[in-house]
Amino acid sequence: MTIFPRNRRQSAAASAAVALVALATLAGTAAPASASAPTAAAVAAPATATPSALALPRPTGPYATGRDALLLTDHVRPDPWAPDAGPRRLSVTLHYPARPGTGGDPAPYMAEEEARLMLAQRGLDDPTWPGRVSAARTHARTAAAPAPGRFPLVVLSPGFGTPRATLTGLAEELASRGYVVASADHPYETTGMVLPDGRVLPCAACDAVDAQPDEAGRRKVLATVSTGRAADVSFLLDRLTGPRPAWRHARTIDPHRIGMAGHSIGGNAAASTMAADRRVDAGVNLDGMFFDPMSARGLGGRPFLMLGTEPDHGPGGGDATWDEGWTRLDGFKRWLTVRDSGHFTFTDTPEIGEQLGIVDPGAPLSAARSTAITRAYVTAFFDRSLRGRPARLLDGPSPAHPEVLFRRP
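Residues numbered from 1 in each chain as written. Predicted model: local features only at pLDDT ≥ 70, side-chain atom pairs only at ≥ 80, totals over all residues. Heavy atoms only, no water.

**Focus: the pattern of salt bridges**
Inference 1: According to the stated counting rule, one finds 21 salt bridges in the structure shown.
Inference 2: Arg77 is the salt-bridge partner of Asp74, the closest N and O atoms lying 3.3 Å from each other. In this structure, Asp74 and Arg77 share a single accessibility class: buried.
Inference 3: Linking Arg257 and Asp254 is a salt bridge whose minimum nitrogen-to-oxygen distance equals 2.8 Å.
Inference 4: On the accessibility criterion, Arg257 (24% relative accessible area) is partly exposed.
Inference 5: Using a relative accessible area of 14% as the deciding quantity, one classes Asp254 as buried. (Salt bridge = Lys/Arg side-chain N within 4 Å of Asp/Glu carboxyl O. Buried < 20%, exposed > 50% of the residue type's maximum accessible area, 1.4 Å probe, protein only.)

**Things to note about the nonpolar core**
Inference 1: Among the nonpolar cores identified, the biggest contains 39 residues, and Val92, Leu153, Leu240, Trp247 and Phe304 are the most heavily contacted of them.
Inference 2: Dropping the residues within four chain positions of it, Leu240 is found in contact with Leu70, Leu94, Leu153, Ala182, Pro245, Trp247, Ala250 and Ile253.
Inference 3: Of all hydrophobic cores here, the second largest spans 31 residues; its members include Val338, Ile373, Phe382 and Val404. (Core = buried A, V, L, I, M, F, W, Y, C linked by side-chain atoms within 4.5 Å. Contact = heavy atoms within 4.5 Å.)

**Considerations on the state of the cysteines**
Inference 1: Applying the stated criterion across every chain yields a total of one disulfide.
Inference 2: Each sulfur in the disulfide pair Cys203 and Cys206 lies 1.9 Å from the other. In this structure the cystine formed by Cys203 and Cys206 twists about its S-S bond by roughly 65°; its chirality is therefore right-handed.
Inference 3: Residue Cys203 is classed as buried on the basis of its relative accessible area of 9%.
Inference 4: In this structure Cys206 comes out as buried when scored by relative accessible area, which is 8%. (Disulfide = S-S within 2.5 Å.)

**Describing the pairing of strand β12 (residues 304–309)**
Inference 1: In terms of burial, β12 is a largely internal element, six of the six residues being buried.
Inference 2: Sheet topology note: the strand β11 (residues 282–286)/β12 ladder contains four bridges and is parallel. Note that in β12 the partner of Gly283 across the bridge is Phe304.
Inference 3: The pairing of β12 with strand β13 (residues 333–338) spans six bridges and is parallel. Paired with Gly308 across the strands is Thr337, a residue of β13.
Inference 4: Crossover handedness for the path β12 to helix α8 (residues 320–328) to β13: right-handed. (Helix = DSSP H or I, 4+ residues; strand = E, 2+ residues; numbered from the N terminus. Pairing = 2+ DSSP bridges. Right-handed = clockwise from strand over helix to strand, strands pointing away.)

Here it is in structure tokens:
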């Protein structure tokens, strides 16, 4: 995915020197590629003196939303990417339906150092951007009292090399519609995970992928990432729904209604988790290659949604693992692709990027449409799968979302 910086004050000579940034999409890894000068059309008007604050779209559901955080340690399992660092740890954000008018201010989007490292990996080095991204306005309030009742749980897993914060918009939307949402950062698999004591865990798994001599080696490591995340999620479910839960509001979770969705390799991990853990009742893959192949035994009749880019993730497209995976799904299933979309369409990237003045000519779908489509189809799928509600949106093409194609190979 190529992105074009815009709204930067520059002379014609300076414009010719501005690098374009190519974001490679191998399993969601956003790695800088070769740079070239932008065309005149790619450079917009000069920036204003005071950039406006960034903000995520407001959730549309009937519930207020709360936000909490956990750092969980799996004392049984050493970290596979850094064995000398000790046991595996998960940094988890909880979004949940909350009582209106309770709680403090909305939490910042992500730690500034996490934002800096994420942007730097993508070749985006404007010194003002990490602070702006970190402070982007969210809508879930810290320390909010949970709404009464018990709610389905949805686990979210981000793309490889990408912080969990990039799925915040989807998490807030699901929470506003009556779900508890647990978004996990898998240590050493993101550009930088900041611990509560300020230490930053680097992406050792990224180094392991880069060290492979060929594509087959890289795919093998990425398959290990997916199955490792399945173990992470099983541990997370133990700590959220077991007899001694780690979260203070765990009573709001209905342990008999659990779903999982992920972007890129997080989507592969949703399938890997379902194959390994019967507690997960439904899964969503958002544009992720199945490096760990879909189980030949199927998923025990459990529902699964594949939502991806067009044409790369259409039948016979660039990713043959979707064709194979589709044939192995043995429950309710949908294969949807989205016109004019890009690999990061299903995350917060379009919203944040558009407000920073970044455009991707290879993915012209607007941020507003990206957000509306992702929210609508993921929510409809979980409403149907975890709540037994009608989901007409999944029955066929909708005039409200003409970009979405139903695939039945």
